[in-house]
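Structure assessment
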Amino acid sequence: MKQLRVGMIGYKFMGKAHSNAYRSLPMFFPKALKPEMVAICGRNASAVQEAADQLGWRESVTDWKQLVNREDIDLIDINAPSDAHKEIALAAAKAGKHIFCEKPLALTLADAREMLQAAEDAGVTHMVGFNYRFSPAVRLAKKLIDSGRLGQIYHFRAWFLQDWIMDPQFPLVWRLQKEVAGSGSHGDLGAHLIDLAHYLVGDMQEVIGMSETFIKERPIASEMTGLSAKGSEGGPMGQVTVDDATLFMTRFENGALGSFEATRFAAGHRSTNSFEINGSLGSVKFDFERMNELEVYFTTDDEDVQGFRRVLATDPVHDYMEAWWPPGHTIGFEHTFTHEILELSNAISEGRQPVPNFADGVKCQAVLEAVDKSIEERRWVQLSEM
């Protein structure tokens, strides 16, 4: 198998990011399976054809059920709205297709578990789209932790802050409707923080949270594109059924403590995705708005030079960077998706499951729902309850 024939369902924000990754992979990672961008699927025939022309797909289709059963497709890429994930993934697994699904994996933990079981029963490769794991600076943080250079981990604190819906007149897009998105900032932004915590520190034991919806009603959207939308002033209003902000605390199974904040109401923060980890021998700090950098502190440094140092994770020694540019020449958001597709491609070639896969998506969904349960019942919730 030298090529990976892809059928993709969805064509907006994530569709563009995934398409760029498929096109970039063979140029920078020539030993990987070469993606063949066979067909892209969407409900609007003219819009999806326009996307196919722009993004480089051979053809466009409007029926995903036919797409998942085509013999000229090896991989089904799902980046449609969250409420479509389960049905498409189950059909793809039944058809024996490999599956790449954007996060959150499903609307509920029960659905996520059903998707995992279906993929395992079918014996197909399955991956969930937590792209921030694939930043070289995050991989460096992982190496420092796993090698013991930070010692025993005491704290993980993370925050994902945005401000794109602060205007009360911003329309009621699908991300603000629970029946489509599952949850608001919690499942959209917080899911990434939860996955990074699992990746870097480990599994969680218990959680307690709080949330708020600051704007309860918004104008009905007349047009939606990615994260932007249009609505008519003075037109009908609809109820916001997801959280605008969610905060929670956790105790990890290894004894570390964690705090998480996800909000779309942090004025001045376009997309501040950050974490800090403190250990007995040192600390690291990361901010995706400066994604090529990791701030590192070691307690073993001489006292007169102790302090956080800026490490530019762009040298060949850093994960993935040997394939890109000379040291100091930075990469961006889109490169994390190329690295993600590289992991998927290598996993298919090697006959293993990629990381993160649907099991990681289930684990994340369990935390999301445990926090929701905690908020509803106003108590600490054990992950074992889920």
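The name an unreviewed UniProt entry gives the chain is Gfo/Idh/MocA family oxidoreductase, with Paenibacillus lautus as the organism.

This brings us to the domain arrangement of the chain. The domains assigned to the chain are domain 1 (3-132) and domain 2 (135-356 + 363-377). The C-alpha centroid of domain 2 is placed 23 Å from the C-alpha centroid of domain 1. Counting residues at the interface gives 39 residues for domain 1 and 49 residues for domain 2. Looking only at domain 1, the three residues that lose the most surface to domain 2 are Met 127, Phe 130 and Tyr 132, adding up to 23% of its buried area. Counting the contacts that link domain 1 with domain 2 gives one salt bridge. Ionic pairing is found between Asp 188 and Lys 103, a salt bridge with its closest N-O pair at 2.9 Å. At the level of secondary structure, the elements contributing two or more residues to the side of domain 1 that touches domain 2 comprise helix 1 (13-28), strand 5 (98-102), helix 5 (109-122) and strand 6 (126-129). In terms of residue count, the dominant contributor to the side of domain 1 that touches domain 2 is helix 1 (ten residues). Class assignment of the residues belonging to the side of domain 1 that touches domain 2 gives a composition of 25 nonpolar, ten polar and four charged.

Turning next to the pattern of salt bridges. Following the criterion strictly, the structure yields 27 salt bridges and no others. It is possible to trace a salt-bridge network through shared partners that takes in Lys 373, Glu 377, Arg 379 and Glu 385.

Moving on: the environment of Ser 185. Note that Ser 185 resides in helix 8 (residues 185-200). With a relative accessible area of 0%, Ser 185 lands in the buried category. Taking the C-alpha atoms as reference points, Ser 185 and Asn 273, separated by 88 residues in sequence, lie 12 Å from one another. Contact partners of Ser 185, with chain neighbours within four places excluded, come to Gly 190, Asp 243, Asp 244, Ala 245, Thr 246, Ala 262, Thr 263 and Arg 264. Within polar-contact distance, the side chain of Ser 185 engages the backbone oxygen of Ala 262 at 3.2 Å.

Glancing now at the UniProt feature "domain: Gfo/Idh/MocA-like oxidoreductase N-terminal" (unreviewed entry) in the chain. In this structure's numbering, the residues bearing the UniProt feature "domain: Gfo/Idh/MocA-like oxidoreductase N-terminal" (unreviewed entry) are residues 4-130. Each end of residues 4-130 is marked by a C-alpha atom, and these two atoms are 21 Å apart; helix forms 43% of the span and strand 24%.

Strands sit in the order 18-17-16-15-7-14-13-8-19 across an open sheet of nine strands; the sheet is mixed. In this open sheet, the two strands that pair with only one neighbour each are strand 18 (309-312) and strand 19 (381-382). For strand 7 (residues 153-161) and strand 15 (residues 272-279), the ladder comprises eight bridges, and the chain directions are antiparallel. Each residue of the ladder has a partner; that of Phe 156, found in strand 15, is Ile 277. With respect to the sheet, helix 6 (residues 136-146) is in contact with strand 7, strand 15, strand 16 (282-287), strand 17 (293-298) and strand 18, its orientation differing from that of strand 17 by roughly 25°.

Turning our eyes to something else, we now look at helix 10 (residues 358-377). Its 20 residues give helix 10 an end-to-end C-alpha distance of 28 Å, which sits within 8% of 28 Å, the value for a rise of 1.5 Å per residue. Among the residues of helix 10, Phe 358, Asp 360, Gly 361, Val 362, Cys 364, Gln 365, Ala 366, Val 367, Leu 368, Ala 370, Val 371 and Ser 374 are the ones counted as buried. The opening residue of helix 10, the one whose side-chain oxygen lies 2.9 Å from the backbone nitrogen of Ala 359, is Asn 357.

Under the counting rule described, the total for this entry stands at zero disulfides. We note that Cys 41 lacks a disulfide partner, and the nearest cysteine sulfur, in Cys 101, lies 14 Å from it. Looking at Cys 41, the relative accessible area reads 3%, which means it is buried. In this structure Cys 364 is not part of a disulfide, and its nearest cysteine sulfur, from Cys 101, lies 12 Å away.

Further remarks concern the packing of aromatic side chains. Per the counting criterion, the structure on display carries 21 aromatic pairs. Measuring from ring centre to ring centre gives 5.6 Å for Phe 156 and Phe 260, while their planes differ by 40°; the resulting arrangement is tilted. Placement of Phe 156 in strand 7 and of Phe 260 in strand 14 (residues 257-263) is noted, with a sequence separation of 104 residues between them. Lys 142 extends its terminal NZ or CZ atom over the ring of Tyr 199, reaching a point 5.0 Å from the ring centre.

Along the polypeptide, Thr 338 turns up in helix 9 (residues 333-350). Once residues within four sequence positions are removed from consideration, Thr 338 is found in contact with Ala 21, Ser 24, Leu 25, Phe 29 and Trp 324.

Turning to the sheet that holds strand 2 (residues 34-41), a few remarks are in order. Overall, parallel pairing links the six strands, which are arranged 3-2-1-4-5-6 in an open sheet. Strand pairing shows two members of the sheet lacking a second neighbour, strand 3 (59-61) and strand 6, which therefore form its edges. Sheet twist, expressed as the average angle between the axes of neighbouring strands with direction ignored, equals 25°. Two strands pair when backbone bridges link them, and strand 2 and strand 3 are joined in this way by three bridges, in the parallel orientation. Considered in strand 3, the bridge of Ala 39 is made with Glu 59. Contacts between helix 1 and the sheet are confined to strand 1 (3-9), strand 2, strand 4 (75-78) and strand 5, with strand 2 contributing the most and set at about 155° to the helix.

Attention now moves to the nonpolar core. Phe 156, Leu 200, Met 204 and Phe 275 are the most contacted members of the largest nonpolar core, which has 110 residues in total. Inspection of this core shows a minimum of three residues originating in each of domain 1 (3-132) and domain 2 (135-356 + 363-377). Judged by nonpolar contacts, the second largest core, of ten residues, contains Phe 170, Val 173, Ile 215 and Val 240.

Calculation notes
- Residues numbered from 1 in each chain as written.
- Predicted model: local features only at pLDDT ≥ 70, side-chain atom pairs only at ≥ 80, totals over all residues.
- Heavy atoms only, no water.
- Domains from an automatic or database assignment.
- Contact = heavy atoms within 4.5 Å.
- Buried area = accessible area lost by both parts, 1.4 Å probe.
- Salt bridge = Lys/Arg side-chain N within 4 Å of Asp/Glu carboxyl O.
- Helix = DSSP H or I, 4+ residues; strand = E, 2+ residues; numbered from the N terminus.
- Nonpolar A, V, L, I, M, F, W, Y, C, P; charged D, E, K, R; others polar.
- Buried < 20%, exposed > 50% of the residue type's maximum accessible area, 1.4 Å probe, protein only.
- Polar contact = N/O pair within 3.5 Å; in protein donor to acceptor, adjacent residues only side chain to side chain.
- UniProt positions renumbered as here; feature names shortened; annotations may be inferred.
- Pairing = 2+ DSSP bridges.
- Axes fitted to C-alpha atoms, helices over the stretch in contact; angles between N-to-C directions.
- Expected span 1.5 Å × (residues − 1).
- Disulfide = S-S within 2.5 Å.
- Phe/Tyr/Trp six-rings, centres within 6.5 Å; stacked < 30°, edge-to-face > 60°.
- Lys NZ or Arg CZ within 6 Å of the ring centre and 35° of its normal.
- Core = buried A, V, L, I, M, F, W, Y, C linked by side-chain atoms within 4.5 Å.

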